[in-house]
Amino acid sequence: MNFYSLNQKAPVVSFKDAVIKGIAPDRGLYFPEHITPLPASFFDRITELSDQEIAFNAIHQFVLADIPNEKLREILANMLDFKFPVVEIDSNVATLELFHGPTMAFKDVGARFMANCLGYFSKDENNEVTVLVATSGDTGGAVANGFLGVEGVKVVILYPRGKVSDIQERQLTTLGQNVTALSVDGTFDDCQTMVKTAFLDNDLLSKMQLTSANSINVARWLPQLFYFLFAYKQIRKKAVKEQTSPMDIVFSVPSGNFGNICAGMVAQRLGMPVKQFIAATNVNDTVPEFMKTGNYEPKSSTATISNAMDVGDPSNFIRIRHLFEDDFSELKKQLTSYSFSDEETRKALLDIYQNNTYVADPHGAVGYLGLKKYQQQHPNTYGIFLETAHPVKFLDVVEETIGTKLDIPPQIQKVMNKEKKFLTIKTYQELKSYLMDR
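Keep in mind it's a predicted model, so treat the numbers as computed, not measured. Residue positions are given per chain, counting from 1 as you read along its sequence in written order. Local features are withheld for residues below a pLDDT of 70 in this predicted model, meaning they are given only at 70 or higher, and side-chain atom pairs are given and counted only at 80 or more; totals for whole chains, interfaces and linings count all residues. Only hydrogens and water are set aside when side-chain values are computed; all heavy atoms of the structure are taken into account.

Undergrad: I'd like to hear about the overall build of the chain, residue by residue, with values.
TA: A tally of helices and strands in the chain yields 20 helices and 14 strands. Taken over C-alpha atoms, the radius of gyration is set against a globule rule of 2.2 Å times the number of residues to the power 0.38. Over its C-alpha trace the chain gives a radius of gyration of 20 Å, about what one expects of a compact globule, namely 22 Å for 438 residues. C-alpha atoms of the chain, sized along the principal axes, occupy 60 × 50 × 45 Å. Throughout this description, buried means an accessible area under 20% of the type-specific maximum (1.4 Å probe, protein chains only), exposed means over 50%, and partly exposed covers the range between. Counting across all 438 residues of the chain, residues that qualify as buried make up 61%. Every residue pair with non-hydrogen atoms within 4.5 Å of one another is taken to be in contact. A separation threshold of at least 6 residues defines the contact pool for the chain, and within that pool the share at least 24 residues apart is 76%. For the chain, the exposed surface amounts to about 17200 Å²; the carbon and sulfur share of it is 45%. Under the DSSP-based scheme used, a helix requires at least four consecutive residues in state H or I and a strand at least two consecutive residues in state E, with every element numbered from the N terminus. Here, Shrake-Rupley sampling with a 1.4 Å probe gives the accessible areas, and only protein chains in the shown set may cover a residue.

Undergrad: Please give an account of the UniProt feature "domain: Threonine synthase N-terminal" (unreviewed entry) in the chain that cites residues and values.
TA: UniProt positions are given in the numbering used here, feature names are shortened, and annotations may be inferred rather than shown by experiment. Under the feature "domain: Threonine synthase N-terminal" (unreviewed entry), the UniProt entry names residues 3–77. From the first C-alpha to the last, residues 3–77 spans 25 Å; its make-up is 45% helix and 11% strand.

Undergrad: Could you give an account of the pattern of salt bridges, naming the residues involved and the relevant values?
TA: Salt bridge, as applied in this entry: a Lys or Arg side-chain nitrogen positioned within 4 Å of an Asp or Glu carboxyl oxygen. For the structure on display, the rule yields 18 salt bridges. Residues Arg170 and Asp166 are paired through a salt bridge, measuring 3.0 Å at the closest nitrogen-oxygen approach. Remark: Asp166 and Arg170 occur in helix α7 (residues 166–173); sequence separation between them is 4 residues, near one turn of the helix. By relative accessible area, which is 37% here, Asp166 ends up partly exposed. Residues Lys420 and Glu169 are paired through a salt bridge, measuring 2.8 Å at the closest nitrogen-oxygen approach. Taken together, the positions of Lys420 in the loop between α19 (410–416) and β14 (423–425) and Glu169 in helix α7 put the pair 251 residues apart, joining distant regions of the chain. On the basis of relative accessible area, Lys420 is assigned to the partly exposed category, the value being 25%. By relative accessible area, Glu169 is classed as buried at 14%. Connected through salt bridges with shared partners, the residues Asp166, Glu169, Arg170 and Lys420 form a single ionic network.

Undergrad: Can you explain the environment of Phe113? Please cite residues and give values.
TA: The residue Phe113 is located in helix α5 (residues 107–121) in this model. Between the alpha carbons of Phe113 and Asp437 there is a distance of 30 Å; along the sequence they are 324 residues apart. Setting aside residues no more than four positions away along its own chain, Phe113 makes contact with Phe15, Ile59, Leu72, Ile75, Leu76, Met79, Ala219 and Pro223.

Undergrad: An account of the packing of aromatic side chains is needed here, citing residue identities and associated values.
TA: Between 30 and 60 degrees the pair is tilted, below 30 it is stacked and above 60 it is edge-to-face, where a pair is any two Phe, Tyr or Trp rings, Trp via its six-membered ring, whose centres lie within 6.5 Å. Enumeration over the complete set of coordinates arrives at 24 aromatic pairs. Taken together, a centroid distance of 6.2 Å and an interplanar angle of 70° make the contact between Phe228 and Phe277 edge-to-face. Highlighted residues: Phe228 in helix α11 (residues 226–242) and Phe277 in strand β11 (residues 276–281), separated in sequence by 49 residues. By the burial criterion, Phe228 is buried, and Phe277 matches it.

Undergrad: Any chance you could break down the pairing of strand β7 (residues 153–160) for me, citing the residues and the numbers?
TA: Burial analysis of β7 places 7 of its 8 residues in the buried class, which makes it a mostly covered element. Each pair of strands is called paired provided DSSP finds at least two bridges between the two strands. In this structure, strand β6 (residues 129–134) lies alongside β7, joined through 6 bridges in parallel fashion. Each bridged residue has a counterpart across the sheet, and for Thr130 the counterpart in β7 is Lys154. Looking at chain direction, β7 and strand β8 (residues 179–184) are connected through 6 bridges and run parallel. Note that in β8 the partner of Pro160 across the bridge is Val184. Regarding the hand of the β-α-β motif, the stretch spanning β7, α7 and β8 is right-handed. Seen with its strands pointing away from the viewer, a crossover is right-handed when the path leading from the first strand over the helix to the second is clockwise.

Undergrad: I'd love a proper account of helix α4 (residues 69–79), names of residues and values included.
TA: By the burial criterion, the buried members of α4 are Leu72, Ile75, Leu76 and Met79. What you see down the axis of α4 is that its buried residues fit within an arc of 95°, all on one side. The arc refers to the directions leading from the helix axis to the C-beta atoms.

Shown next, in the form of structure tokens:
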């Protein structure tokens, strides 16, 4: 399968080239030429399949020309070595926990898949690849961990100074080896703009091979569809066990750069039954406003307690619009979007804890709010909100809000006493100078 630029002004490329390039020369995001639905039999027997088998069937069509089946199975076995449990909160509300990986965030899936792919693609190459990535929180730690020690790959992570949690910062600044962290005096959008500018800088590109590990990269974005399928498998299994007919499923996804929810929509295109997707955001409400008016107006991002969603111009929303051929009326049939304030988020954290004895993180709480608001008008649905990071990664906010101390998991304990090491930059020229001088 080939991949083409959504700006339609660049040559089509293979999956391998799309991964290595990261973004097309015309600054467009790469998109698969077609999405072929899986056979109905796959979903009929999904409860009998392992997570690795589900993932293999789901991703195979996109990578088969560049990754042999045996190698693909090896990659999936390496990256899917932790659980993705659906935990019931109420009779028709559950959460999909995506924080059981090495950095305790949903981005472990995409980062590990991409690292394995890039390691495979570069194994016989002499040229070093530099992974340049911007993070609003969890991407940095997941990418740093996923690519740590990968031969032939250097990692440079940009993050907005003072706008990620202490634990998130530790996860991307304490590893060393082939990972360098750059603290940017600005917002996530500033970081992302610098990364996109670097990919169009011919002077820079003549000196090095750059790729990105943000969800703009197809190898980071596409594998996120796996855990929507894993959740569907668990819901089907529950219905069979209880001998009930499954209710209409809706997914509420805490959304920042919109790669996660877009991947869920690809799972739907593969044939996964789902009634609706809910994009729940914090006060960075570019998409909720678009869904009201039909006018897309990006804005400067605002800092919140759900910092990984502090994005004013989400890169992946163009992929969602493309999935629906930019037909606003068709998009509204499948996507609902709401925004919530920090005050509402804190109240949700407390309500979930007091009423259900469940500790959520601020992003999961936003997803919960979106689900509950949707279910006010659609009560006969089974709603799953995504818990995208472990609550301990937002320790101060969560403990202060629910009034309870949290245990520190081993994955987090190992970075708590390490020294943070980073360089500080303000401008793109400083980033370019750093990359050119390496």
